[in-house]
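# Fold and geometry: a report
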Amino acid sequence: HPMDPDTTAPLRPRTSPAKSTSSVVPISAETRAIILRKTRKQCHTSADLPFYLDLSDCEDLVDVSALGMGPVTQLDLSNCSGVVDVSALGGVKFLDLSNCTGVVNVSALGTVSDLTLRGCTGVTDVSVLRHVKVLNLGGCTQLSDVSALGSVHQLDL
């Protein structure tokens, strides 16, 4: 009987990084309720999320950790003043965080293609955003140094 090659082959280390979009994570009950209210769609895990998700003006939205783990490529969180932690949203390609005044740390968003931080008055350091193609920083009153953003294709201040 021939040996099964799958059981005898040594484990090979992963050569490419794991994609965050392949992870299926549960969505908190509070966030599920907001998604249902805004979209009329039941989303229990990140895999249930649509490609485009508009949760703008949801001041009660806090936990957005699962929103960057699914298929979402466009995410509108404008005017969501309860959002603070955006560290899981680096996989989103088009991200609008306009007037999310609770957001301070944007260090995980360097891989977003089109990022709007207009009116994010808590953001102070944008040096990691040098690979963002379109970046809107209008009304980000705490910024003191944008010298690292020379390679941004379109920069609005």
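Now for a quick tour of the structure. (Residues numbered from 1 in each chain as written. Predicted model: local features only at pLDDT ≥ 70, side-chain atom pairs only at ≥ 80, totals over all residues. Heavy atoms only, no water.)

### Here's the deal with the environment of Val134
- Topologically, Val134 is positioned in strand β5 (residues 134–136).
- Val134 sits 19 residues away from Leu115 along the chain, and the two C-alpha atoms are 6.2 Å apart.
- Contact partners of Val134, with chain neighbours within four places excluded, come to Ser113, Asp114, Leu115 and Gln154. (Helix = DSSP H or I, 4+ residues; strand = E, 2+ residues; numbered from the N terminus. Contact = heavy atoms within 4.5 Å.)

### Remarks on the sheet that holds β5
- Spatially, the six strands line up as an open sheet ordered β1-β2-β3-β4-β5-β6, and their pairing is parallel. Strands with a single pairing partner mark the edges of an open sheet, and in this sheet they are β1 (52–54) and β6 (154–156). Geometrically, the sheet is characterised by an average inter-axis angle of 0° between neighbouring strands, direction not taken into account.
- Bridging between β1 and strand β2 (residues 74–76) involves three bridges; their strand directions are parallel. (Pairing = 2+ DSSP bridges. Axes fitted to C-alpha atoms, helices over the stretch in contact; angles between N-to-C directions.)

### A closer look at unusual backbone geometry
- Even without a glycine there, the phi angle at Arg40 is positive, about 65°.
- Mapped onto the fold, Arg40 is located in the loop between α2 (29–39) and β1.
- At Asn79, a residue that is not glycine, the phi angle is positive and equals roughly 65°.
- By secondary structure assignment, the location of Asn79 is in the loop between β2 and β3 (94–96).

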